[in-house]
Amino acid sequence: MTWTLTSDVEAFAATAEPWLLRDPVRNTVPLTLLRAVRLGLWGDGPLLGLLERDGRTEAVVLQTPPHFLLLPDIPVDTVPGLVTRLIEDERVIPGVNGPLAQVEAFAARWWRPETGRRSERLYRLASPVPPDPPAEGTFRVAGAGDLDLLVRWSEEFQIEAEGIAPAGMTPLVASRITRRELAVWEVDGRPVAFAGASAPLGGMSRVGPVYTPPPFRGKGYGTALSHALSARARAEGADEVLLFTDLSNPTSNSIYRTIGYRPVAEHASVTFG
């Protein structure tokens, strides 16, 4: 078995997407990232990897530099060969993200030390449960007039969640607004939170990000918006509605359970020094 690395997006997608769609729940992030790459939203030079055995696809990986390498739900025994190939090719891998077992297998073999880790949990919506008590305000789908605000809030979210200042968020946010994937929660006509839910892909939609600026926190706006988006995604045909939580935040994990989410799998994001 030999890993093949390419930057040919369409050739990669022709093989990788059907493989990922075998389990759209556990492969939710790589599926939506691949769609964004095909739309040209992540710039040039993506790292796209395929592993084939006896003419069958065994595993795929994606990276959009300078972001972390993204591991789908690939067989753990395929990870050592991937690490070897990346080292031989002198690839720059600032970190790795994916299911916990795969991430730990990668980190144990990578040549640079682990310097940071964020533990996450993947949840799926069982049945939407309205927040109790309901939050003040109303839900609406974001429009073109929200672009500047949502770009700024997206940057704030990334800094808070990832510890890095992202560049070039405008095309991504604009594309999501066009696809009606972003929404805001308003109180007296003023946006107080925003969130996204990906357009269904393989019957799956994922909620995220969910961001409430600090001055508006503690009032249930993010919870109300998450519930409204989740119910909307289910009503528009998503069989599976998913989201990730940061395990260092027990409040958010508890809140999402109250509106109908149940745990699926443990994930991790590891930074290398």
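Residues numbered from 1 in each chain as written. Predicted model: local features only at pLDDT ≥ 70, side-chain atom pairs only at ≥ 80, totals over all residues. Heavy atoms only, no water.

Enquirer: Go over the packing of aromatic side chains, please, and point to the residues and values.
Expert: Enumeration according to the criterion identifies seven aromatic pairs in this entry. For the ring pair Phe106 and Trp110, a centre distance of 5.3 Å and an interplane angle of 25 degrees mean the geometry is stacked. A single burial state applies to Phe106 and to Trp110, both of which are buried. Aromatic side chains Phe157 and Tyr211 sit 6.3 Å apart centroid to centroid with 80 degrees between the ring planes, which places their arrangement in the edge-to-face category. Within this pair, whereas Phe157 is found in helix H5 (residues 147-162), its partner Tyr211 is found in strand E10 (residues 204-211), the two being separated by 54 residues in sequence. Residue class for Phe157 comes out partly exposed when judged on its relative accessible area of 22%. Looking at Arg112, its charged tip hangs above the ring of Trp111, at a distance of 5.9 Å from the centre. (Phe/Tyr/Trp six-rings, centres within 6.5 Å; stacked < 30°, edge-to-face > 60°. Buried < 20%, exposed > 50% of the residue type's maximum accessible area, 1.4 Å probe, protein only. Helix = DSSP H or I, 4+ residues; strand = E, 2+ residues; numbered from the N terminus. Lys NZ or Arg CZ within 6 Å of the ring centre and 35° of its normal.)

Enquirer: Describe the sheet that holds strand E4 (residues 69-70), naming the residues involved and giving the relevant values.
Expert: Sheet strands pair via backbone hydrogen bonds, and the direction of the pair is either parallel or antiparallel. Spatial strand order, E1-E2-E3-E4-E5-E12-E6-E11-E10-E9-E8-E7: twelve strands in an open sheet with mixed pairing. Edge positions in the sheet fall to strand E1 (2-6) and strand E7 (138-141), since each has one partner strand and no second. With seven bridges joining them, strand E2 (residues 47-53) and strand E3 (residues 56-63) adopt antiparallel strand pairing. Following the sheet pairing, Glu52 is matched in E3 by Thr57. (Pairing = 2+ DSSP bridges.)

Enquirer: Can you lay out unusual backbone geometry for me, pointing to particular residues and giving the numbers?
Expert: Omega for the peptide link from Pro65 to Pro66 comes to 10 degrees, which places this bond in the cis form. Within the secondary structure, Pro66 sits in the loop between E3 and E4. Of note in this structure, Asp54 is not a glycine but carries a positive phi near 55 degrees. Mapped onto the elements of the fold, Asp54 is located in the loop between E2 and E3.

Enquirer: If you had to explain the pairing of strand E5 (residues 95-99) to someone new, which residues and values would you point to?
Expert: Counting buried positions along E5 yields five of five residues, so the element is predominantly enclosed. Viewed along the sheet, the connection from E4 through helix H3 (residues 79-88) into E5 turns out right-handed. Inspection of the sheet shows E5 paired to strand E12 (residues 261-272) by five bridges, in the antiparallel sense. By the bridge assignment for E12, Gly98 is matched with Ala268. (Right-handed = clockwise from strand over helix to strand, strands pointing away.)

Enquirer: Break down empty space enclosed by the protein for me, with residues and values.
Expert: Evaluated as defined, the whole model comprises one cavity of 30 Å³ or more. Reported here for the largest cavity is a volume of approximately 40 Å³. Surrounding the largest cavity, Arg26, Thr28, Val29, Pro30, Leu70, Leu71, Pro72, Asn97, Pro99, Phe244 and His267 form its lining. Ranked by residue count, the leading element in the lining of the largest cavity is helix H2 (residues 28-38), at three residues. (1 Å grid on protein atoms, 1.4 Å probe; cavity = no way out; pocket = protein on both sides within 12 Å on 5 of 7 lines; lining within 4 Å. Points joined across faces, edges and corners; volume = space filled by probe spheres on them.)

Enquirer: So, the nonpolar core: which residues are in play, and what are the values?
Expert: The biggest cluster of nonpolar side chains holds 43 residues, and the ones touching the most others in it are Leu69, Leu71, Leu86 and Phe106. For this core, the element with the highest residue contribution is helix H1 (residues 9-20), accounting for six residues. Leaving out residues up to four positions away in the same chain, Leu69 has contacts with Leu47, Val61, Leu62, Gln63, Leu82, Leu86, Ile93, Gly95, Val96, Asn97 and Phe106. Core analysis: the next-biggest nonpolar cluster, separate from the first, contains 23 residues, Ala135, Ala195, Ala224 and Ala233 among them. (Core = buried A, V, L, I, M, F, W, Y, C linked by side-chain atoms within 4.5 Å. Contact = heavy atoms within 4.5 Å.)

Enquirer: Lay out helix H6 (residues 170-178) in plain terms, naming residues and giving numbers.
Expert: Residues Leu172, Val173, Ser175, Arg176 and Ile177 constitute the buried set of H6. Contact partners of the buried residues in H6: H5, strand E8 (182-187), strand E9 (190-197) and E10. In the segment just after H6, Arg180 is the residue with positive phi, at about 60 degrees.

Enquirer: I'd love a proper account of the pairing of strand E11 (residues 240-246), names of residues and values included.
Expert: Of the strand pairs in this sheet, strand E6 (residues 114-125) and E11 are connected by five bridges, and their pairing is antiparallel. From the neighbouring strand, Glu120 faces E11, where its bridge partner is Asp246. In terms of handedness, the path from E10 via helix H7 (residues 221-235) over to E11 forms a crossover that is right-handed.

Enquirer: Tell me about the environment of His67, and name the residues and values.
Expert: Along the chain, the position of His67 falls in the loop between E3 and E4. Overall, the relative accessible area of 30% leaves His67 in the partly exposed class. For the pair His67 and Arg140, spaced 73 residues apart in sequence, the C-alpha to C-alpha distance is 31 Å. The residues contacting His67, other than those within four sequence positions of it, are Trp42 and Pro94.

Enquirer: Could you give an account of the environment of Leu122, naming the residues involved and the relevant values?
Expert: Structurally, the position occupied by Leu122 is in strand E6. Placed 120 residues apart in sequence, Leu122 and Leu242 show a C-alpha to C-alpha distance of 7.1 Å. If we skip the residues at most four places from it in the chain, Leu122 touches Val25, Arg26, Thr28, Leu242, Leu243, Phe244, Arg262, Pro263, Val264, Ala265 and His267.

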